[in-house]
Amino acid sequence: MEKSSASPPLSSPAFLPFKDEESSSEPLGRSINLSWDNLSFMVAKKEQPIVSGLSGTISSGSMLAVMGPSGAGKSTLLDLLCQRKSPATGQVLLNGSTHFSTRDHFSFVEQDDALLGVLTVVETVTFAARLSLPPNTANIEGHVQDTLRSLGLQDCAEQRIGNPIQRGISGGQKRRVTIACAVVAKPRVLSDGDFFLAQEHLDGYLGELGFPTPLHVNPCDHAMALVNTEFYTDATGRTPREHLDHLAATWQQHSSSRAPLSPQTPHNETPKAVGFLRSISEGTRKTWILSYRNTLNYSRNLLAYGVRMGMYVGMGLLLALVWIRLGTSTNKINDRFSVHFFSVAFLGFMSVSGIPAFLEERAVFVRERANGLYGPGAYLIASTITSIPFLFACTLLFALICYWAIGLHPGATHFFRFLAYLFLGIFAAGMDLSPSGVPETGAHRRHGLQKASRFSSLPSFRSLSRRWPSPVSPTGFGWSFKDDYQTFAFELLVKNDVQGLIFHCPVVNDSCICPIPSSLVSSGQCAVTGNDILDNLGISGINSGLYVGILIIIILVFRLMMYGVLVVRKT
């Protein structure tokens, strides 16, 4: 094991390269040598570099622990070695070459445990194996079981990870599950951001400093106390900076007395060109794996669609009880409009109930994407495909509860049109661009409030606010946007409901009182047709097929926008 020449022994995180011929794309028997020279990294608006002048090397079969107090630059060093950050100076070489992909050789264990709480331990590790290993890997199940046994997780393999509403495994077990997800990929190099390992000859080095490790004290803990200047006491007359420089100089003298590692012969690796068809095949395979995992997650996670389904049932019952058996009199037309408005607006707004599940799912995506398991495309396609049946089931349950009870346009054809138009409107609301690039819960909640305020603008009543002559019409919202997906869905629902129906007008003192011009009064019938209502609203000429197409285009645009955000924001 070599040292980092510009610093004293620093600490967790740990960086653990090891040889794994079975998973390597290199010829059998070749080991790897990872080296770095004069690495430094600076942050804008800060004069002092976070790390500077770091050099070292480590080879297959070795373990290196980087130790130091908070803010010493441990995670930054690992990010530089794993190509998650670009150094200001210096370079990182794998077998003497700077041309290598960390995604092909490295696995990174995050400091935070980003896991899906409703999956069991064995399911979590199995999905990680299937996403990271080639499809022709033999006996993946056996490999997963071996990995669980090596980390002491065999006894809790069938237990769920756990989430805020369901108790699961302990925090220490979650940490080991996160490590298992990285180890099961058979990486050539494993980097862990929260793992402590003792260094070889550390006791001897500390003794040379005049600070021998006390009995029953972990050498790593003792070394941490020595380099932590926050608790440094001036017993030797040195300043904290001089104290650290003395530790670094002594470490260099100590390490130079050890036999150096024999470096590997520099070898310039040429990345294998992956054909377009092969990339499509691999992307499709991972998309289906993610779809299956999402199906398990959504079917078990109450925060995903369970809460939403309960809300849809509640809304359906509420509408059915408030507007039961509306009938076909003209004084009930506004009530019909209200039913369609609440169906589109409030059910769409309820998509914010999925934000907690989205946050958990996105944290897993960030971790797995950073390790090169899949990209934004596979994640987004799988999420969209899996959402369709769950959201459709919620919409169908709502429609079955309220459609016939309220007495909307009779007939199976009109019911299924109602279901299709409502589903497209709600699906568009769910596909609305969420703040995917913002990793804080507060930002997602603010987005939900913004969406709620947009719904409260009542864009679906844009047409009614100008044309329908009723005191209960919302006359203050004529400024609402025509291109809002709610408007398209609402107008489709209204047309589907009233077209083909006849609404009877009240007769007062032998006079027919219709609220809008009627095409039937001249023929002696005191009523208005559904087309009269649509003409009065100005939507009789809308093309239903065109509006459906527009809703689908809106959904696709929202998905593309979200894809762009996921590509740009990687954390």
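Residues numbered from 1 in each chain as written. Predicted model: local features only at pLDDT ≥ 70, side-chain atom pairs only at ≥ 80, totals over all residues. Heavy atoms only, no water.

## Structural notes on the overall build of the chain
The test is simple: Helix and strand assignments follow DSSP, with helices taken as H or I runs no shorter than four residues and strands as E runs no shorter than two, numbered in order from the N terminus. Between buried and exposed lies partly exposed: a residue is buried under 20% and exposed over 50% of the maximum accessible area for its type, with that area taken using a 1.4 Å probe on protein chains only. When checking whether two residues touch, look at their non-hydrogen atoms; a contact exists if any pair is within 4.5 Å.
Of the regular secondary structure elements, the chain holds 19 helices and eleven strands. In the chain, which comprises 571 residues, the share counted as buried stands at 51%. Long-range pairs, those at least 24 residues apart, make up 74% of the contacts in the chain with a sequence separation of at least 6.

## Observations concerning the confidence of the model for the chain
For the record, the criterion: On a range of 0 to 100, pLDDT expresses the predictor's confidence in each residue.
Of all residues in the chain, 74% have pLDDT values of 70 or greater, and the mean over the chain is 77. Ignoring residues within four places in sequence, the model shows residues 260–274, a span with pLDDT below 50, making 26 contacts including any to other chains.

## Here we look at the sheet that holds strand S3 (residues 51–59)
Convention followed: The criterion for strand pairing is that DSSP finds at least two bridges linking the strands in question. Helix axes are fitted to C-alpha atoms over the stretch in contact, other axes to C-alpha atoms as well, and angles between N-to-C directions run from 0 to 180 degrees.
Here three strands make up an open sheet; going across it, the order is S3-S2-S5 and the pairing antiparallel. Strand pairing shows two members of the sheet lacking a second neighbour, S3 and strand S5 (89–94), which therefore form its edges. Put simply, the sheet's adjacent strands are angled 10° from each other on average, direction ignored. Direction of pairing for strand S2 (residues 33–41) relative to S3: antiparallel, over a ladder of six bridges. Among the inter-strand pairings, Trp-36 is bridged to a residue of S3, identified as Gly-56. Along the sheet face, helix H1 (residues 74–81) touches S2, S3 and S5 and points at about 125° away from the line of S2.

## A look at the pattern of salt bridges
Should their charged atoms come close, side chains of opposite charge can pair. Filter applied, for reference: Only one rule defines a salt bridge in this text: a Lys or Arg side-chain nitrogen within 4 Å of an Asp or Glu carboxyl oxygen.
Within this structure, the stated rule accounts for eight salt bridges. Across the salt bridge formed by Glu-123 and Arg-300, the nearest N and O atoms sit 2.8 Å from each other. Residue Glu-123 is found in helix H3 (residues 121–132), and its partner Arg-300 is found in helix H9 (residues 276–300); the two are separated by 177 residues along the sequence. Judged by relative accessible area, which is 25%, Arg-300 ranks as partly exposed. Counted as one network, the salt bridges with shared partners bring together Glu-282, Arg-285 and Lys-286.

## With respect to the packing of aromatic side chains
Rules: Pairing of aromatic rings covers Phe, Tyr and the six-membered ring of Trp, with a centre-to-centre limit of 6.5 Å; geometry is then stacked below 30 degrees between planes, edge-to-face above 60, and tilted otherwise.
Within the structure shown, the criterion is met by 19 aromatic pairs. Ring plane angle 75° and centroid distance 5.6 Å describe the contact between Phe-392 and Phe-423, whose orientation is recorded as edge-to-face. Note that Phe-392 is positioned in helix H13 (residues 376–406) and Phe-423 in helix H14 (residues 412–431), a separation of 31 residues in sequence. Classification of Phe-392 by relative accessible area gives partly exposed; the value is 34%. Owing to a relative accessible area of 12%, Phe-423 belongs among the buried residues under this scheme. Seen in terms of ring centroids, Tyr-403 and Phe-415 are 5.2 Å apart; in terms of plane orientation they differ by 80°. Their pairing is edge-to-face. Here the residue Tyr-403 occupies a position in helix H13, and Phe-415 occupies one in helix H14, the gap between them amounting to twelve residues. Note on Phe-415: relative accessible area 5%, which makes it buried. Clustering of aromatic rings is evident, with ring pairs tying together Tyr-403, Trp-404, Phe-415, Phe-416 and Phe-418.

## Quick notes on the packing of helix H11 (residues 333–349) against helix H17 (residues 485–498)
Heads up, the condition is: Two helices cross in a left-handed way if the nearer one is turned anticlockwise from the farther one by less than a right angle. They cross in a right-handed way if the turn is clockwise. Residues are grouped as follows: nonpolar covers Ala, Val, Leu, Ile, Met, Phe, Trp, Tyr, Cys and Pro; charged covers Asp, Glu, Lys and Arg; every other residue, Gly included, is treated as polar.
At a minimum axis distance of 9 Å, the contact between H11 and H17 shows a crossing angle of 140°. For the crossing formed where H11 meets H17, the hand is right-handed. Contact residues: Arg-336, Phe-337, His-340, Phe-341, Val-344 and Ala-345 in H11; Gln-486, Ala-489, Phe-490, Leu-493, Val-494 and Asp-497 in H17. Split by residue class, the contact of H11 with H17 holds eight nonpolar, two polar and two charged.

## Quick word on the pairing of S2
Counting buried positions over the nine residues of S2 gives seven, a clear majority of the element. By the bridge criterion, five bridges tie S2 to S5 in an arrangement that is antiparallel. The residue bridging Trp-36 from the neighbouring strand is Val-92, located in S5.

## Some details on the state of the cysteines
Counted only if it meets this: We call a pair of cysteine sulfur atoms a disulfide whenever their separation is within 2.5 Å.
Tallied over the full model, the rule gives two disulfides. Each sulfur of the disulfide joining Cys-505 and Cys-514 lies 2.1 Å from the other. As the torsion about the S-S bond is roughly 110°, the Cys-505-Cys-514 disulfide counts as right-handed. In this model, Cys-512 is linked to Cys-526 through a disulfide, with the two sulfur atoms separated by 2.0 Å. On the sign convention where negative is left-handed, the bridge of Cys-512 and Cys-526, at about 95° about the S-S bond, is right-handed. Of this pair, Cys-512 sits in strand S10 (residues 511–512) while Cys-526 sits in the loop between S10 and strand S11 (527–529), and the two are 14 residues apart along the sequence.

## Here's the deal with the packing of H17 against helix H19 (residues 544–568)
The condition is simple: To sort the angles, those under 35 degrees are grouped as roughly parallel, those over 145 as roughly antiparallel, those from 65 to 115 as roughly perpendicular, and the leftovers as oblique.
Running from N to C, H17 and H19 point in directions that differ by 150°, and their axes come no closer than 10 Å. Taken together, H17 and H19 sit at an angle that is classed as roughly antiparallel. As H17 runs across H19, the sense of the crossing is left-handed. Between H17 and H19, the residues in contact are Tyr-485, Phe-488, Ala-489, Glu-491, Leu-492 and Lys-495 and Ser-544, Tyr-547, Val-548, Ile-550, Leu-551, Ile-554 and Phe-558, respectively. Residue composition of the contact of H17 with H19, grouped by class: ten nonpolar, one polar and two charged.

## Quick look at unusual backbone geometry
Non-glycine residue Asn-509 carries a positive phi angle of around 50°. Overall, Asn-509 belongs to the exposed group, its relative accessible area being 71%. We note that Asp-510 has phi near 60°; this positive angle belongs to a residue other than glycine. Topologically, Asp-510 is positioned in the loop between strand S9 (507–508) and S10.

## Observations regarding the environment of Val-557
Turning to its location among the elements, Val-557 is positioned in helix H19. The exposure class assigned to Val-557 is partly exposed, which follows from its relative accessible area of 38%. Expressed as a C-alpha distance, the spacing of Val-557 and Met-431, which sit 126 residues apart in the sequence, is 9.1 Å.

## Here's the deal with the environment of Met-350
Mapping Met-350 onto the fold places it in the loop between H11 and helix H12 (355–370). In this structure, the C-alpha to C-alpha distance between Met-350 and Ile-426, residues 76 residues apart in sequence, is 9.0 Å. Discounting chain neighbours no more than four positions away, the residues touching Met-350 are Arg-308, Met-311, Tyr-312 and Met-315.

## Some details on H11
Definition in use: Multiplying 1.5 Å by the residue count of a helix minus one yields the expected span of that helix.
Helix length check: H11, at 17 residues, gives a terminal C-alpha distance of 24 Å against a target of 24 Å (1.5 Å per residue), a fit within 8%. When you tally the buried positions in H11, you get 13 out of 17 residues, the bulk of the element.

## Considerations on H14
Over its 20 residues, H14 runs 28 Å from end to end, which matches the ideal 28 Å to within 8%, given 1.5 Å per residue. Counting buried residues in H14 gives 14 out of 20 residues, a clear majority hidden from the surface.

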